[in-house]
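Structure assessment
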Amino acid sequence: MWNKYKEEYKSLFRLGLPVLVTQVGIIVVNFADTMMVGAYGVDELAAAAFVNSLFIIPIVMQMGFAQGLTPLVGALFGKGEKKEVGHTLHGGVQINLVVSLVLTAIMGVLFFFVDRFGQPEELLPLIRQYYLIVLTTMLPMAAFNSFQQTCNGFNDTAMPMWMILGSNVMNIIGNWLLIFGHMGCPELGLAGAGISTMLARYAAAIAIVLVFFHRKRYSQYSVGFRIKDGLGDVRRKVWVTSYPVMIQSGVECSLWSFGAVVSGWFGKIQLAAYQVVNTMAQLGFMTFISFGTATSIRVANYMGVYDIRGVRRITLAGLHLNLVLATAASLIFIFGGEWLIHCFTPDAAVTASALTLILPLVIYQYMDATQLTYINAIRGTSHVQPLLWISLCSYVIVGIPVLLLFAEVLQKGNIGVYYSFDVALAVASTMATLIFYHVVRKDKIYYT
């Protein structure tokens, strides 16, 4: 098997490793955020869990919409059309910013209803303040995502990596200064964590734009960016490729957001424990998405030259790597889970609640690794409409009723929430696998 896939493994490592380093950097920041906020207080940790659970939906929808650029750019890059790559980025940035403005407006309206979600009354002042700060970060994230996904499409995953790592360092230092009030800075608690995140996100967006337009290696792409003719057609093409990915991503995340709301019904201890374990879960998710992204890029490249065997081969190679990573993450959770939980919170009640979620978290890894590989492979083909059906069936038709059954009817609380995730991800991984092989049957690919 090694001889058959070794070249694909090498290409995935070359593309996926910078993305993996980027994702590890994001994990470190999320871990640091949760640890610092958890050390500051349980109320702050629970409030952050609730706000983050609401914002994860529009943030992931923005990321999903930007990912629609990757297969378009990847196919153009595979054919050597570099100016057209820059032209596509121009239209992509425009429509990504419009989508971000719409999502920001929706979240702005939702702010006035945060007291209707059944969360503990004492958390509401913290929730409102943190919510407004996070709301200001949507637009810079959309700009960064557009440039990042375009760079990924022409096989440059390293430059965005350095941008994100730099912003992560800035974020962690800002947390240390502003949460606890070190070195003469004001002690702002949870608001300090929000301000630090806001500054880091703006810095990353500005940096990636400056590098793209001022480094010689990107000159052919930036020339294409300046072409204004035909942007309407580009925007329409980006929209058609991107909106199914956006909706699929948002629907999937909505189940996790709803899980936080339901956990909050059982009190701030279960909500705080949910936040801790969700942060730990990113250790697996962020690594899977790294090689899933690399798989999507290589699938797009193969699609550009109509190599269907290459599409199948690279997807299986991506699955092999992600299943190995799922095993590594599971071993960390099994043998180091208690230590990780103690890193996030000193509270004994939160620790005890979080420990009960380790087993469903381990099951979760294998389902998540499989569905992320095949979902990203489908994205790489640009035949993304089936992603909507995968999301609706897995996370709405199956996921939400099972979550309410396990958590509320059977009174299992956040344990039931996490087992419902296992069920939903199992459905998603099965559907994604079947749909991928249906899509890449040669007679099912329609070249345009």
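The preceding data block contains the structure.
Read on for a plain summary of the structure. Given the structure is predicted, the values throughout are model-derived calculations rather than measurements. (Residues numbered from 1 in each chain as written. Predicted model: local features only at pLDDT ≥ 70, side-chain atom pairs only at ≥ 80, totals over all residues. Heavy atoms only, no water.)

Below, the discussion takes up the packing of aromatic side chains. Within the structure shown, the criterion is met by 24 aromatic pairs. Plain terms: the ring middles of F55 and Y131 are 4.8 Å apart, the flat faces sit at 65° to each other, and that makes the pair edge-to-face. Remark: Y131 occurs in helix α5 (residues 124–135) and F55 occurs in helix α2 (residues 42–67); sequence separation between them is 76 residues. For F55, a relative accessible area of 1% translates into the label buried. Taken together, the ring pairs in this structure connect W256, Y274, Y364, Y395, Y418 and F421 into an aromatic cluster. When the ring centre of Y302 is taken as origin, the NZ or CZ atom of R298, which lies over that ring, is 4.8 Å away. (Phe/Tyr/Trp six-rings, centres within 6.5 Å; stacked < 30°, edge-to-face > 60°. Helix = DSSP H or I, 4+ residues; strand = E, 2+ residues; numbered from the N terminus. Buried < 20%, exposed > 50% of the residue type's maximum accessible area, 1.4 Å probe, protein only. Lys NZ or Arg CZ within 6 Å of the ring centre and 35° of its normal.)

What follows is about unusual backbone geometry. Even without a glycine there, the phi angle at M183 is positive, about 55°. With a phi close to 55°, Q411 is a non-glycine residue in the positive phi region. Given a relative accessible area of 52%, Q411 falls into the exposed group.

Under the criterion given, the structure shown has 5 salt bridges. Notably, a salt bridge pairs E8 with R313, separated by 2.8 Å at the nearest N-O pair. You can see E8 sitting in helix α1 (residues 2–40) and its partner R313 sitting in helix α12 (residues 308–344), a full 305 residues away along the chain. Taking relative accessible area as the criterion, R313 reaches 26% and is therefore assigned partly exposed. Linking R236 and D233 is a salt bridge whose minimum nitrogen-to-oxygen distance equals 2.3 Å. (Salt bridge = Lys/Arg side-chain N within 4 Å of Asp/Glu carboxyl O.)

Next up on the list: α5. Helix length check: α5, at 12 residues, gives a terminal C-alpha distance of 16 Å against a target of 16 Å (1.5 Å per residue), a fit within 8%. What α5 keeps buried is the set L124, I127, Y130, Y131, I133, V134 and L135. The inward-facing, buried residues of α5 abut α2, α4 (82–110), α6 (138–153) and α8 (190–214). (Expected span 1.5 Å × (residues − 1). Contact = heavy atoms within 4.5 Å.)

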